[in-house]
Amino acid sequence: MDRGVTKSIKAKLAILICMALMGGGCALHASRGGVPPEVQAAVLSIGEDADEGRYEKIHSEASDEWRNDATLEKTTSVFSTITNKLGKVKERQLHAASEENTSSGRLPGHSFVLTYDTKFERGEGMETFTLVERKGQWQLAKYFVNSTALQ
């Protein structure tokens, strides 16, 4: 094989390896569905806290963005209304997930928006969790439930 062709192949291979290493270094360790386990754990924790009426815990562990938008009373009202009308969560199935990493806007930094098809004890709905990473922890920034049972 020509010495120039060999150098060219080696150079291309080196570039591919570098690209793979750079991409892998920035990637989160995704699980099934592409959502990192620590993000899934945060959603599970928030859901369990809501089901058990631990609204003060949800509020205190939420992001500054959440606490700036919602007082403890508002947090309690939102989650207790959902629990009173729909009941506890029976099953959550991930419908969509998106990840952002921005330096500006309403939610600067690293965030995930997760939408679930959710079955509650007394109805079904779509839950949307927006989580932001702050100081190595995933915190609730926004939460929304869309269900005809809430009307």
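Our subject in this report is the structure included herewith. Everything numeric in this text was worked out from a predicted model, so none of it was measured. (Residues numbered from 1 in each chain as written. Predicted model: local features only at pLDDT ≥ 70, side-chain atom pairs only at ≥ 80, totals over all residues. Heavy atoms only, no water.)

1. Observations regarding the overall build of the chain
Within the chain, the regular secondary structure consists of five helices and four strands. Starting at the N terminus, the α and β elements of the chain follow one another as α-α-α-α-α-β-β-β-β. By the burial criterion, 32% of the 151 residues in the chain qualify as buried. Of the contacts made within the chain by residues no fewer than 6 positions apart, 49% connect residues no fewer than 24 positions apart. About 9,600 Å² of surface is accessible on the chain, with carbon and sulfur atoms providing 54% of the total. (Helix = DSSP H or I, 4+ residues; strand = E, 2+ residues; numbered from the N terminus. Buried < 20%, exposed > 50% of the residue type's maximum accessible area, 1.4 Å probe, protein only. Contact = heavy atoms within 4.5 Å. Areas by Shrake-Rupley, 256 points an atom, 1.4 Å probe, with all protein chains shown as cover.)

2. Section: unusual backbone geometry
At Lys135, a residue that is not glycine, the phi angle is positive and equals roughly 55 degrees. Relative to the helices and strands, Lys135 resides in the loop between strand E3 (123–134) and strand E4 (137–146). By relative accessible area, Lys135 is classed as exposed at 88%.

3. Considering helix H5 (residues 72–86)
What sets the pattern is the α-helix's 3.6 residues per turn: residues three or four places apart point alike. Taking 1.5 Å as the rise per residue, H5 with 15 residues should run 21 Å; its terminal C-alpha atoms sit 21 Å apart, in good agreement. Listed as buried for H5 are Thr75, Phe79, Ser80, Ile82, Thr83 and Leu86. Projected down its long axis, H5 carries its buried residues within an arc of 160 degrees, all on one side. The exposed residues of H5 that point more than 90 degrees off its buried face are Glu73 and Asn84. On the buried face of H5, the contacting elements are helix H2 (37–51), helix H3 (55–61), helix H4 (64–69), strand E2 (109–120), E3 and E4. Phi for Gly87, located one or two positions after H5, is positive at around 85 degrees. (Expected span 1.5 Å × (residues − 1). Arc of directions from axis to C-beta.)

4. Quick look at the side chain of His110
Within the fold, His110 resides in strand E2. You can call His110 buried: its relative accessible area is 12%.

5. Some points on the pairing of E2
Among the twelve residues in E2, nine count as buried, and that is most of the element. Relative to E2, strand E1 (residues 89–102) runs antiparallel, the two being bridged by twelve bridges. Bridging across to E2, Thr102 finds its partner in Gly109. With antiparallel pairing between neighbouring strands as the criterion, E1 and E2 make up a hairpin whose turn holds six residues, including Gly105 at a positive phi of roughly 95 degrees. Relative to E3, E2 runs antiparallel, the two sharing ten bridges. Bridging across to E3, Asp117 finds its partner in Met126. Counted along the chain from E2 to the antiparallel partner E3, the turn is two residues long. (Pairing = 2+ DSSP bridges.)

6. Describing the pattern of salt bridges
Using the criterion set out here, one finds nine salt bridges in the structure. The salt bridge involving Arg134 is made with Glu65; its shortest N-O contact spans 2.5 Å. One end of the pair, Arg134, is in strand E3; the other, Glu65, is in helix H4, and 69 residues separate them in sequence. Judged by relative accessible area, Glu65 falls into the buried class, the value being 16%. Here Glu121 and Arg122 are joined by a salt bridge, their closest N and O atoms 4.0 Å apart. (Salt bridge = Lys/Arg side-chain N within 4 Å of Asp/Glu carboxyl O.)

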